[in-house]
Amino acid sequence: CGLERAGIPGTAVQLIESTDRESTRAFMSMNRYLDVLIPRGGAGLIRTVVENSTVPVIETGTGNCHVFVDQSADLKMALDIIENANRRVQCLRVPGGPRESCRGVSAKA
């Protein structure tokens, strides 16, 4: 896997397949065990996690992700970015920190 090629344990990133609300609430307070949460789903789920989590949250968007490719771009890299555009980070929210700490991207209000 790509993580292991980079010298990172393959278990460093994991997908949580449970979709029940109890699991979601539990993960939002597991600061001791989790470095970050990335909620994927509808606007209500994302808002709930961003507003209630004590674990840092990478806030994702629910709409379109626009990508501009300059004519001088590396086309292979650009295609990889375009394919991944729907999963791009919009904002890193640290509990108690300002939303303006989002770097180089637009954070939705």
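Residues numbered from 1 in each chain as written. Predicted model: local features only at pLDDT ≥ 70, side-chain atom pairs only at ≥ 80, totals over all residues. Heavy atoms only, no water.

1. A few points about the overall build of the protein
Next, step 1: Looking only at helices and strands, the protein has four helices and two strands in total.
Next, step 2: Across the protein, helices and strands are ordered from the amino to the carboxyl terminus as α-α-α-β-α-β.
Next, step 3: A total of 109 residues make up the protein; the buried ones form 18% of that total.
Next, step 4: For the protein, the accessible area works out to roughly 8500 Å², and carbon and sulfur atoms hold 53% of it. (Helix = DSSP H or I, 4+ residues; strand = E, 2+ residues; numbered from the N terminus. Buried < 20%, exposed > 50% of the residue type's maximum accessible area, 1.4 Å probe, protein only. Areas by Shrake-Rupley, 256 points an atom, 1.4 Å probe, with all protein chains shown as cover.)

2. Focus: the confidence of the model for the protein
Next, step 1: Residues with a pLDDT of 70 or more make up 71% of the protein, whose mean pLDDT is 75.
Next, step 2: The secondary structure element of the protein with the lowest average pLDDT is strand S2 (residues 91-93), at 51, and the one with the highest is helix H2 (residues 21-27), at 88.
Next, step 3: Contacts from residues 99-109, a stretch scored under 50 in pLDDT, to residues over four places away or in other chains number 20 contacts. (pLDDT = per-residue confidence, 0-100. Contact = heavy atoms within 4.5 Å.)

3. Regarding the pattern of salt bridges
Next, step 1: Counted by the stated rule, this structure contains one salt bridge.
Next, step 2: Close ionic contact of lysine 76 with aspartate 80 constitutes a salt bridge, the shortest N to O distance being 3.0 Å. Taken as a pair, lysine 76 and aspartate 80 lie in helix H4 (residues 75-84) at a separation of four residues, close to a single helical turn.
Next, step 3: The exposure class of lysine 76 is exposed, given its relative accessible area of 56%. (Salt bridge = Lys/Arg side-chain N within 4 Å of Asp/Glu carboxyl O.)

4. Some thoughts on the environment of phenylalanine 68
Next, step 1: With respect to the helices and strands, the residue phenylalanine 68 is situated in the loop between strand S1 (57-59) and H4.
Next, step 2: Classification of phenylalanine 68 as exposed rests on a relative accessible area of 71%.

5. Structural notes on a nonpolar patch on the surface
Next, step 1: Taken together, the side chains of Val69, Leu75, Leu79 and Ile82 make up a nonpolar region of the molecular surface, amounting to roughly 350 Å² of accessible area.
Next, step 2: Turning to its location among the elements, valine 69 is positioned in the loop between S1 and H4.
Next, step 3: Using a relative accessible area of 32% as the deciding quantity, one classes valine 69 as partly exposed. (Patch = residues over 30% accessible without salt bridge, like charges linked within 9 Å, V, L, I, M, F, W, Y side chains within 5 Å.)

6. Comments concerning helix H3 (residues 43-52)
Next, step 1: Buried residues of H3: Ile46, Val49 and Val50, and no others. Viewed along the axis of H3, the buried residues span an arc of 95°, placing them on a single side of the element. (Arc of directions from axis to C-beta.)

7. Some words on the nonpolar core
Next, step 1: Counting residues in hydrophobic clusters, the biggest one holds seven residues: Met28, Leu37, Ile46, Val49, Val50, Val55 and Val57.
Next, step 2: The dominant element in this core, judged by the number of residues it contributes, is H3, at three residues. (Core = buried A, V, L, I, M, F, W, Y, C linked by side-chain atoms within 4.5 Å.)

8. A word on the environment of arginine 40
Next, step 1: Its location among the elements puts arginine 40 in the loop between H2 and H3.
Next, step 2: Arginine 40 sits 18 residues away from isoleucine 58 along the chain, and the two C-alpha atoms are 9.9 Å apart.

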